[in-house]
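# Survey of secondary and tertiary structure
Below are the chains, spelled out letter by letter.
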Amino acid sequence: MKVALISAWHVHTKKFMARLLAKKVDCVYVWDFDELRGKQAADEYHAQFEADYRVILADETIDAVIVEAPTTMHKELIILAAQAKKHIFSEKILALTSQDCLEIEAVIRENNVKFMISLESLANNAYHYAFQLVHDGALGEVTSAYFRRSHGAVIQNHLPSYWFDVSQSGGGVTLDLGSHGFTLLPLICGKPKSVSCTMNEQWGSGVDERSTTVIEFASGAIGTAATSFLASTLDNYLEIIGTQGSLQIVGNEHEPQAIFIQSNLKAEYQRKTLISSEGISKLTEYPIELFVDLVNDSEKKELPYYDLEAAKMLTRLVECAYESAQTGRTVIY
């Protein structure tokens, strides 16, 4: 499988490319609007730097593009790739508006290429364990769910300055870290119905630095996605409350996670119990690794959880959150 890396802009690029190359994938080209960064990435991945994106797309030996470019460039880059019959892996979020997503989808469908969105929070087994408990009814009917992801990007200065340039990123913490909650909550609570969001900026980064988004779902459940660039460390917390039980998962993918469960329907969990995370709290394959398998599988067209429907839902939730924060009103999903 031969791919082209389309910009090394995103802060996930090195981590994702390491996993990609470990799958024996050949990175042939690197394109970047920043020539110095592009050439450095090309050297690192033993690839050729190519400043003309269309030259890369014209190369019939290239199977797929890995889009790690600024969010504001996604639409143009992805549509051109689809028209050139290249399979597409895209960093989240797919685009800034639902209308842009629909235009991207139309071209991808028309050209019959495979697409996958990077939702790396789904690589965590602990969250799949939570989905299974909900699916099996072990917690009863879900009435509420809460997810928080935060780190200290603004106060600790560990991200590049362009990360806070809205003309490139398209948004702040709500778009970035908030996407994790917007990915997980619908898989727990179902179809979104309405969105209310409060966000603010305190440290002068130029973007929203913390936010809380409340989502009402068609089921009646209420989900909350809280996120911040103003924390002391990387932090994750998931809580699910149901009519017959509850679940809490504390910790992120880089540390041991604590998993608490209480269920009226399971004799061993009548009281809140800290269960062993062995075999549960670990990482499964990252989306970019699954993408390689998808491209190489002649039978599969797309993967659930990572497909265009998932990408459109994420963009719509982000879109609703910013509209709500700007207008002070609840936005219908």
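Residues numbered from 1 in each chain as written. Predicted model: local features only at pLDDT ≥ 70, side-chain atom pairs only at ≥ 80, totals over all residues. Heavy atoms only, no water.

### Regarding the overall build of the protein
How we decide: Numbering of helices and strands runs from the N terminus, with a helix taken as a DSSP run of H or I at least four residues long and a strand as a DSSP run of E at least two residues long. Based on C-alpha atoms, the radius of gyration is set beside the globule rule, defined as 2.2 Å times the residue count to the power 0.38. Under the scheme applied here, a residue whose accessible area is under 20% of the maximum for its type counts as buried, over 50% as exposed, and between as partly exposed, the area being computed with a 1.4 Å probe on protein chains only. Only heavy atoms matter for contacts: two residues are in contact if any of them lie within 4.5 Å across the pair. Values of accessible area rely on a 1.4 Å probe in the Shrake-Rupley scheme; residue burial ignores everything except the protein chains shown. We score Asp and Glu as negative and Lys and Arg as positive, and we do not count His or the chain ends. Taken as the charge location is NZ of Lys, CZ of Arg, CG of Asp or CD of Glu.
The secondary structure content of the protein amounts to 11 helices and 15 strands. Whereas a compact globule of 333 residues would reach a radius of gyration of roughly 20 Å, the protein reaches 20 Å, a difference of no more than 12%. C-alpha extents for the protein along the principal axes are approximately 60 × 45 × 35 Å. Looking at the protein as a whole, 57% of its 333 residues qualify as buried. Residue pairs at least 24 apart in sequence account for 68% of intrachain contacts in the protein once pairs closer than 6 positions are excluded. Here the protein displays about 14,100 Å² of accessible surface, and carbon together with sulfur accounts for 50% of that area. Between the mean site of the 29 positive side-chain charges and the mean site of the 43 negative ones, the protein shows a separation of 4 Å.

### Comments concerning helix H11 (residues 308-327)
Convention followed: Given the number of residues in a helix, its expected span is that number minus one, multiplied by 1.5 Å.
The end-to-end C-alpha distance of H11, which contains 20 residues, comes to 28 Å, matching closely the 28 Å that a straight helix rising 1.5 Å per residue would cover. The positive-phi residue at the C-terminal boundary of H11 is Gly328, with phi of around 75°.

### Concerning the packing of aromatic side chains
Note the cut-off: By convention, a stacked pair of Phe, Tyr or Trp rings (six-membered ring in the case of Trp) has centres within 6.5 Å and planes under 30 degrees apart, an edge-to-face pair has planes over 60 apart, and any other such pair is tilted. Throughout this description, the term charge over a ring refers to an Arg CZ or Lys NZ atom that lies within 6 Å of the ring centre and within 35 degrees of the ring normal.
Applying the stated criterion across every chain, the model contains 10 aromatic pairs. Ring geometry for Trp31 and Tyr53: centres 5.7 Å apart, planes at 50°, overall tilted. One end of the pair, Trp31, is in strand E2 (residues 26-31); the other, Tyr53, is in helix H3 (residues 53-58), with 22 residues separating them in the sequence. When sorted by exposure, Trp31 lands in the same class as Tyr53, which is buried. A centroid spacing of 5.6 Å and a plane angle of 55° characterise the contact between Phe89 and Phe291, whose relative ring orientation is tilted. On the criterion of sequence distance, the pair formed by Phe89 in strand E5 (residues 87-90) and Phe291 in helix H10 (residues 287-296) is long-range, its members being 202 residues apart. Residue Phe291 is classed as buried on the basis of its relative accessible area, which comes to 0%. These aromatic residues form a ring-pair network of at least three members: Phe16, Phe89, Tyr286 and Phe291. The ring of Tyr162 carries the charged tip of Arg37 above its face, separated from the ring centre by 5.3 Å.

### Some remarks on the UniProt feature "domain: Gfo/Idh/MocA-like oxidoreductase N-terminal" (unreviewed entry) in the protein
Convention followed: UniProt positions are given in the numbering used here, feature names are shortened, and annotations may be inferred rather than shown by experiment.
On the UniProt side, "domain: Gfo/Idh/MocA-like oxidoreductase N-terminal" (unreviewed entry) is annotated at positions that read residues 23-117 here. What you have in residues 23-117 is 42% helix and 20% strand, and the ends, taken at the C-alpha atoms, are 18 Å apart.

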